[in-house]
Amino acid sequence: MTASSANREQRMLHGPVLPVLAALALPNILAMVAVAATSIAETTYVGLLGRDALAGMALIFPLVMLMQTFSAGAMGGGVSSAISRALGAGDEEGAQSLARHAVVIALVAGALFTFLFLVGGDALYRLLGARGAVLDEAHRYATVAFSGVLLVWLANTMISVIRGTGNMHVPSTSILAVAVLQIVLGALLGLGFGPIPRWGMAGVAWGQVLAYGAGCVWLAFYMCGPNSRIRLGPDGWQLSRERFWQILRVGLLACLSPLQTVLTVLVMTGLVARLGVDALAGYGIGARLEFLAIPIAFGVGVATLPMVGMAIGRGDVLRARRVAWVGGALSAGIVGVMGLMVALWPQVWSRLFTDKPEVLHYCAQYLHYAGPAYALFGLGLTLYFASQGAGKVLGPVLAGTLRLAVICVGGWLLTATQAPDWSYFALVGVAMAAYGVATAGAVWGTRWGESRPVAAAAR
C-alpha cells in the first residue's frame, strides 16, 4: 500500500465525516456533469443529421443509458461495496480477488448484452414504434454502439473497483477524459471534417466505442501499475462462487432500480401526453432538471459508498450510519435548494428552452409541484448508494417500487376521474417524496450489523 492510499483510508475511517465526504463527492459531481454534457452535445450534432436521426437517437438513448446505469451505478455499486468492505476488514487478498471477479462479471455481462441487442434489437425497436427511416437510423447507431457495450461495462467496472478503495480522482478524471473524447470523436466521425468522411449515426456511435476503448486501455494500464491500490496482474485469477456472490448479491438486486426509473419515466410521459403537445413539451423541459439533480445525488452517493463499506468491514456500524445520514443531508440540501428555487421562480429554468406561453405554463406547473420534493428525492438517491456500501440494498429498491406504484395507480385514478392538469404534475412530486421517505425509513429500520472493537475487526 502506498503512503497516499494509507492516508486516504485513515481519513475515510477516522476523519471528520462532512469534510472528507465533500472532498470525495466534488470530483464525482464534476465528472457526472461532464457525462450529462456528453448527452446534450450528442443530441445537438445528431440534430444536424436530420429529424429521422434525432428520432432514432431518442429511441436508442434510454437503452444506452440503461447500460450505463447497470454497469456504473448498480453492478458497479456492488463491486465498490464488496471491495471497500474487504479493505475495511483488512482483507487485502480478498479485495484483490474481488477485483478480478468483477472484471469477469463485466466481460460476461457486456458480451451477453451485445448478443441480446444485436440478435433481438430489431424486434425491440419495432416494439417501441420505430418504422422506416427512423428504424434505419436507429439500426446504424445501435449496431455499432451495442457491439462495443462490453467496453462500457469493462471501463465502468474498473472505475468502480478504484472507487471502492476511496480513490475518486482517478475515476473522475477518467470519466471526464472519456466524455471529452466521445464528444470530439462523435462530432468528427458523425458530421465529417476535412478528409474525415461523414458517417452519420454510425460515426456518432463510433465516438462512444473508441472513447470507452481508450478509457479501458488507460484504466488497465493504471491498475497494473504501482500507484493502484488494487492491481490487476496475470496472477491470482482463480475464481470462486463465494467471491462472485459477494458482488452479485448487491449488484443484481440494485439493477432493479434503473429498470424502475425507466418504467417510471415511460409511464409518466404517457400520462402527460394525454394532455397535449404543449403539456408534454412543458413536462419535458421541467423534467430535464432531474438530469442535473441526479448527478449531484450520484456524486455524493458514490462518495458515501466506500466510506460506509470500509466502516462496515471494520465493524464501525455507528460511523457507517453517520456517513449515510450526513451524505443524505448534504445531497438533500443541495438538490433541495435547486428545487425550491425553480418552484418559486420557474422562468429561471423554463425560459432557457422556450418562450412559448402555453409550454411555459405547463413547465411552471411541473416545477411548482415537483420542485419542493427534490430534497427528498436527493436524500433517497444518496441513501440508496450508502445502502449499497452496507450491502443492504433491498429497502431502497422497494422504495423505488413504491415510487413506480404511486405513478401507476395515481395516474390511473387521475385519468379515470378526469382530474385537472396540475394534478398530474403534483403526482410527480408525491411519488418523489414517497421514494425519499420510504428510502430513509428503510435505512433507519434496516440493521447494518453490530459495532465491534477495532482490534477484533483487525484480527
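All of the points below concern the structure found in this document. (Residues numbered from 1 in each chain as written. Predicted model: local features only at pLDDT ≥ 70, side-chain atom pairs only at ≥ 80, totals over all residues. Heavy atoms only, no water.)

**Some points on the overall build of the protein**
Filter applied, for reference: For the purposes of this entry, the term helix denotes a DSSP run of H or I that reaches at least four residues, the term strand denotes a run of E that reaches at least two, and both are numbered from the N terminus. Radius of gyration: C-alpha atoms only; globule rule: 2.2 Å multiplied by the number of residues to the exponent 0.38. The buried label applies to any residue whose accessible area, calculated with a 1.4 Å probe on protein chains only, is under 20% of its type's maximum; exposed applies above 50%, and partly exposed to all values in between. Here, two residues are considered to be in contact whenever any of their heavy atoms come within 4.5 Å of each other. Here the open area of atoms and residues is found with the Shrake-Rupley method and a 1.4 Å probe, where only the protein chains shown may cover a residue. Here the positive residues are Lys and Arg and the negative ones are Asp and Glu; neither His nor the chain ends is included. Here the site of a charge means NZ on Lys, CZ on Arg, CG on Asp, or CD on Glu.
Looking only at helices and strands, the protein has 19 helices and 0 strands in total. In summary, the protein has a C-alpha radius of gyration of 22 Å against a globular reference of 23 Å for 459 residues, a match within 12%. Taken along its principal axes, the extent of the C-alpha atoms in the protein is 65 × 55 × 35 Å. Within the span of the protein, comprising 459 residues, buried residues form 56% of the whole. Considering only contacts within the protein whose residues lie at least 6 apart along the sequence, 84% involve residues at least 24 apart. About 19,400 Å² of surface is accessible on the protein, with carbon and sulfur atoms providing 70% of the total. Side-chain charges in the protein split into 28 positive and 18 negative, and the spacing between the mean points of these groups amounts to 7 Å.

**Describing empty space enclosed by the protein**
Inclusion rule: Only protein atoms enter the 1 Å grid used here, on which a cavity is any set of points holding a 1.4 Å probe that cannot leave and a pocket is any open set flanked by protein within 12 Å on both sides along at least five of seven lines; residues with an atom within 4 Å of a point are listed as lining. Grid points are joined across faces, edges and corners, and a volume is the space filled by probe spheres set on the points.
Under the counting rule described, the total for this entry stands at 3 cavities of 30 Å³ or more. Roughly 60 Å³ of volume is contained in the largest cavity. Taken together, Ala72, Gly73, Gly76, Gly77, Ser80, Ser160, Arg163, Val302, Leu305, Pro306, Phe385 and Gln388 form the lining of the largest cavity. For the lining of the largest cavity, the secondary structure elements donating two or more residues are α3 (51-88), α6 (149-164), α12 (290-314) and α16 (374-390).

**A closer look at the packing of aromatic side chains**
To be explicit about the condition: The aromatic pairing rule takes the rings of Phe, Tyr and Trp, using the six-membered ring of Trp, and pairs them if the centres are within 6.5 Å, calling planes under 30 degrees apart stacked, those over 60 edge-to-face and the rest tilted.
Overall, the coordinates contain 14 aromatic pairs when judged by the stated rule. Seen in terms of ring centroids, Trp218 and Phe221 are 6.5 Å apart; in terms of plane orientation they differ by 35°. Their pairing is tilted. You can see Trp218 and its partner Phe221 sitting in helix α8 (residues 201-223), 3 residues apart, about one turn around the helix. For Trp218, a relative accessible area of 38% corresponds to the partly exposed category. Assessed through its relative accessible area of 62%, Phe221 is described here as exposed.

**Considering the environment of Gly411**
Position of Gly411 among the secondary structure elements: in helix α17 (residues 394-416). Distance in space between the C-alpha atoms of Gly411 and Thr269 is 11 Å, their sequence separation being 142 residues. Among all residues touching Gly411, those that are not within four sequence positions of it are Leu271, Val406 and Leu427.

**Digging into the environment of Met338**
Mapped onto the elements of the fold, Met338 is located in helix α13 (residues 317-344). In sequence terms Met338 and Tyr374 are 36 residues apart; their C-alpha atoms lie 7.8 Å from each other. The residues contacting Met338, other than those within four sequence positions of it, are Leu289, Leu292, Ala293 and Ile296.

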